[in-house]
Amino acid sequence: MSAAAFDPDRPSDLGPRYRENSWQRLSTELFDVVVVGGGIVGVGTALDAATRGLRVALVEARDIASGTSSRSSKMFHGGLRYLEQLEFGLVREALHERELSLSTLAPHLVKPLPFLYPLSHRVWERPYVAAGLFLYDSLGGAKSVPGQRHVSRSGALRIAPALKRNSLTGGITYYDTVVDDARHTLTVARTASHYGAVIRTSTQVTGFLREADRVSGVRVRDTETGETADIRSHCVINASGVWTDEIQALSKQRGRFRVRASKGVHIVVPRDRIVSESAIILRTATSVLFVIPWETHWIIGTTDTDWNLDLAHPAATRADIDYILQKVNEVLVTPLTHDDIEGVYAGLRPLLAGESDETSKLSREHAVAEVAPGLVAIAGGKYTTYRVMAADAVDAITDFIPVRVAPSVTDKVPLVGAEGYHALINQCDQLGQRFGLHPYRIRRLLNRYGSMIDEVLAYAKKDSSLLEPLAAAPQYLRVEVVYAVVSEAALHLEDVLARRTRIAIEYPDRGVKSAREVADLVAPLLDWDSDRIDFEVQTYLARVEAEVASQRQPDDESADALRAAAPESRAELLEPVPVPD
C-alpha cells in the first residue's frame, strides 16, 4: 500500500500526501490565525476557529498530544478535590463539559466510569463527602450518569474485595468518566482538519513575523527535512502549554502570566492485581490518588511535584513510583510491587504561577492575555475544559480579524466518529460477520474510531493479513498501525507505539517486542528503506531503555540526565532563530 491512499474528499485524513500539500499551503496562503501547539488546547482552538469560518493553521513541533495531552489521568472529570478549594465555578464548568462530551461531542471516546469513595472515619466523614458529591452530581447538570449511592463496609468490600477491611468504614459510589487522552486529542485535531484547518506536526516555530509593531505570523522549520517557511496571518495564538514561556520569549514581549510545570506520574499494572468492579479514589495528605480501570490494566496515580528540567521528556523517578505504591498499598489486601508494574508515564501540568510555592495549590483556572498586537497566549486550565479555553482564546483575537467573527459553535459540533456511533454499537454482531472479526474486536474499534470504523478496516480489503493482531501486542490489529500513518499523521515509530496505540504503557516490554513488526508495516507508507527502519527501531529501543533506567534513579536531576541523553526520532529541534523586525 502506498501513501497515495490519501483521499482529498476526506479532509480529516492527515497522512503523508496531506502533509506535502499542507506545507505548500502554509507558505503561500494568508491565514486569519496561526495556533502554536498540538495539545488539547491547541487543537481545540483550531477547531473553534475553523468552525467560526476562520482560515486556520496549526503547527506542532513534535506530534499531536506528544506532551501533557497524552499523559493525563485519562479522565474527563470535574475535579472533585477542587470543591474543597472552593473552586465551584471551575468544577461546574468542567462537569458541564463532561456531560457535553458524554452525550453529544464524543460518546465514542468518553465513557461513564463508576467510582468507589472509601470512607475511613466514622460519624463526620459520610455526611461531609455526601454533601460534596451532591454538589458534584448537580453542579454540571449531569444527565448521562447516575448519582451517588451509599454502601456499608460490607457493600464496599463486595464492590472492591481488594481493599483491606480495616482500611474503610463504608463507602459512597459515584460516576465520572474515562477517556484515551491521546486519541481524543487526535480526534479533535482531525475534526478541525475536517472543517478546514491546516494541521501540521513536526513543524517548529523558530520566530515571529512582524509588520510595524504587530505580530503578523510565524517562521517555522520542518523538523523532518530542515526546510523553513514563513506563515502569514492576521494573528497568532500561543497554546503551547508548558512551553508557553519559551514561545513567549520569541516575541520579545513581556508575558502577562507565568506557567509552572507540575509533574504527575502514573503507573500501569495488570487488571488481575486489584480485584474491584469500579475505579477507586483515595485521599492523600495533599491530594487524591486514582485507581482507574484501563481495559486489561489499572492506571494508578498521580503525583504532584514541581519540575524545572526538560519539558519534552519529564522523567519518573524511583521516589515517584515508590510514593504511588506506598499510598495504594495502604489500602490493598495484596500489596503491589515493582515487579507488577507494566508501564510508567510522567506528564507535566501547565499551572498558572501564583503566590504559593506548592504546585498542588496553584490555580487550575485558565488565563487568556494579549501579549502584543496580533499575539494572544492561553494557558492553565484542565483537559476537561479545553473547549471553553479554546472559545475564550478565539474570542480574544476578534479585534485582529478584518471580518466579523461568529460566536463559538463547538458545543454543537460532534467530533468525527461520533455521528452514528450508538447505532453501530448495537450492530456489533452484524459488523463482526461483515468484516470477519469477533464482536468484541468490533466494539473495541468502535470505542477508538467510532463511525470511522469503515475507513479503518477498508485498508484490509486488499490484504486480509492486516486484520490479524500484532504478534506481541494482540489488543491491536495490524490495520490500526497502517491507519495511524495513512490517516492519523504518525511519522515515527514512537508516534504509533506511544500515542496512536498505547502499547508503550500497556505491555511490560514497553513496545520493544512490537517495534520491528510495526516499523515493517509503516515503512512502505513512509518510504523508509532498511537503514531508516533500523534507525527508527534502535531509536525507540534506546528511548525505552533510557526511560526504564531513569525510573530507577532517586531524584529528578539524575532521572532527567538519563532520559535526556536518549536519541530523538525527530531531527534535533533547533534553538529559536530571531526574525528581523
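What counts and how
Residues numbered from 1 in each chain as written. Predicted model: local features only at pLDDT ≥ 70, side-chain atom pairs only at ≥ 80, totals over all residues. Heavy atoms only, no water. UniProt positions renumbered as here; feature names shortened; annotations may be inferred. Phe/Tyr/Trp six-rings, centres within 6.5 Å; stacked < 30°, edge-to-face > 60°. Helix = DSSP H or I, 4+ residues; strand = E, 2+ residues; numbered from the N terminus. Buried < 20%, exposed > 50% of the residue type's maximum accessible area, 1.4 Å probe, protein only. Lys NZ or Arg CZ within 6 Å of the ring centre and 35° of its normal. Domains from an automatic or database assignment. Buried area = accessible area lost by both parts, 1.4 Å probe. Salt bridge = Lys/Arg side-chain N within 4 Å of Asp/Glu carboxyl O. Polar contact = N/O pair within 3.5 Å; in protein donor to acceptor, adjacent residues only side chain to side chain. Nonpolar A, V, L, I, M, F, W, Y, C, P; charged D, E, K, R; others polar. Pairing = 2+ DSSP bridges. Contact = heavy atoms within 4.5 Å. Core = buried A, V, L, I, M, F, W, Y, C linked by side-chain atoms within 4.5 Å.

- Under the annotation held in an unreviewed UniProt entry, the protein chain carries the name Glycerol-3-phosphate dehydrogenase and is attributed to Williamsia marianensis.
- Under the UniProt heading Catalytic activity (unreviewed entry), the note attached to the protein chain is "a quinone + sn-glycerol 3-phosphate = dihydroxyacetone phosphate + a quinol".
- Checking UniProt for the protein chain, the heading Cofactor (unreviewed entry) contains the comment "FAD".

**Considering the packing of aromatic side chains**
Alright, step 1. All told, the structure shown has 8 aromatic pairs when counted by the stated rule.
Alright, step 2. Aromatic pair Tyr459 and Tyr483: ring centres 6.0 Å apart, planes at 50°, arrangement tilted. Taken as a pair, Tyr459 in the loop between helix H14 (453-458) and helix H15 (478-486) and Tyr483 in helix H15 lie far apart in primary sequence, 24 residues in all. Like Tyr459, the residue Tyr483 is buried in the burial classification.
Alright, step 3. Among the aromatic side chains, those forming a connected cluster through ring pairs are Phe115, Tyr136, Tyr174 and Phe290.
Alright, step 4. A cation over an aromatic ring shows up here: Arg271 above the ring of Trp298, its NZ or CZ 4.9 Å from the ring centre.

**Quick look at the domain arrangement of the protein chain**
Alright, step 1. Entries for the protein chain in the domain assignment read domain 1 (16-69 + 183-257 + 359-412), domain 2 (85-178 + 260-353) and domain 3 (460-565).
Alright, step 2. Between the C-alpha centres of domain 2 and domain 3 there is a distance of 28 Å.
Alright, step 3. Both faces considered, domain 2 and domain 3 share a buried interface measuring about 1,700 Å² in area, 53% of it formed by carbon and sulfur atoms.
Alright, step 4. Contact with domain 3 buries surface across domain 2, with Leu309, His313 and Glu342 losing the most and accounting together for 26% of the total.
Alright, step 5. Linking domain 2 to domain 3 there are 1 salt bridge.
Alright, step 6. In this assembly, domain 2 and domain 3 are joined by 9 residue pairs in polar contact (both at pLDDT 80 or more).
Alright, step 7. When residues of the side of domain 2 that touches domain 3 are traced back to their parent elements, those giving at least two are strand S10 (259-270), strand S14 (305-307), helix H9 (318-329) and strand S15 (343-352).
Alright, step 8. Take the side of domain 2 that touches domain 3: its biggest share by element is 4 residues, from H9.
Alright, step 9. Per-class residue counts for the side of domain 2 that touches domain 3 are 10 nonpolar, 5 polar and 7 charged.

**Observations concerning the environment of Arg258**
Alright, step 1. Relative to the assigned elements, Arg258 resides in the loop between helix H8 (244-250) and S10.
Alright, step 2. With 13 residues separating them along the chain, Arg258 and Asp245 place their C-alpha atoms 6.7 Å apart.

**Things to note about the UniProt feature "domain: Alpha-glycerophosphate oxidase C-terminal" (unreviewed entry) in the protein chain**
Alright, step 1. Mapped onto this numbering, the UniProt entry annotates "domain: Alpha-glycerophosphate oxidase C-terminal" (unreviewed entry) at residues 408-532.
Alright, step 2. Between the end C-alpha atoms of residues 408-532 there is a gap of 44 Å, over a span that is 53% helix and 0% strand.

**What about the pairing of strand S12 (residues 288-294)?**
Alright, step 1. Counted residue by residue, S12 has 7 buried out of 7 residues, so it is predominantly covered.
Alright, step 2. Of the two faces of S12, the one lined by Val288, Phe290, Ile292 and Trp294 and the one lined by Leu289, Val291 and Pro293 are each fully buried.
Alright, step 3. The sheet contact formed by strand S11 (residues 279-283) and S12 spans 4 bridges and is antiparallel. Across the sheet, the residue bridging to Leu282 is Leu289, located in S12.
Alright, step 4. Between S11 and S12, which pair antiparallel one after the other, the connecting turn spans 4 residues.
Alright, step 5. Two elements, S12 and strand S13 (residues 297-301), share 5 bridges in a ladder whose sense is antiparallel.

**Looking at the environment of Ile40**
Alright, step 1. Within the fold, Ile40 resides in helix H2 (residues 40-50).
Alright, step 2. Sequence spacing of Ile40 and Val198 is 158 residues, and the spatial spacing of their C-alpha atoms is 16 Å.
Alright, step 3. Contact partners of Ile40, with chain neighbours within four places excluded, come to Ser69, His184, Thr185, Val188, Tyr383 and Tyr386.

**Observations concerning the pattern of salt bridges**
Alright, step 1. Per the counting criterion, the structure on display carries 39 salt bridges.
Alright, step 2. With a shortest N-O distance of 3.0 Å, Arg55 and Asp32 are connected by a salt bridge. Note that Arg55 is positioned in the loop between H2 and strand S2 (56-59) and Asp32 in strand S1 (residues 30-36), a separation of 23 residues in sequence.
Alright, step 3. When the shortest N-O distance is used, the salt bridge between Asp534 and Arg516 registers 3.0 Å. Residue Asp534 is found in helix H19 (residues 530-550), and its partner Arg516 is found in helix H18 (residues 515-526); the two are separated by 18 residues along the sequence.

**Things to note about the nonpolar core**
Alright, step 1. Judged by nonpolar contacts, the single largest core of 74 residues is most densely connected at Val56, Ile199 and Ile397.
Alright, step 2. A total of 7 residues in this core trace back to one element, the largest contributor, which is H2.
Alright, step 3. Residues lining this core come from more than one domain, with at least three contributed by each of domain 1 (16-69 + 183-257 + 359-412) and domain 2 (85-178 + 260-353).
Alright, step 4. Beyond its immediate chain neighbours, meaning those up to four positions away, Ile199 contacts Leu14, Tyr18, Ala46, Leu58, Ile64, Ala189, Ala192 and Ser193.
Alright, step 5. Core analysis: the next-biggest nonpolar cluster, separate from the first, contains 53 residues, Leu431, Leu445, Leu470 and Ile533 among them.

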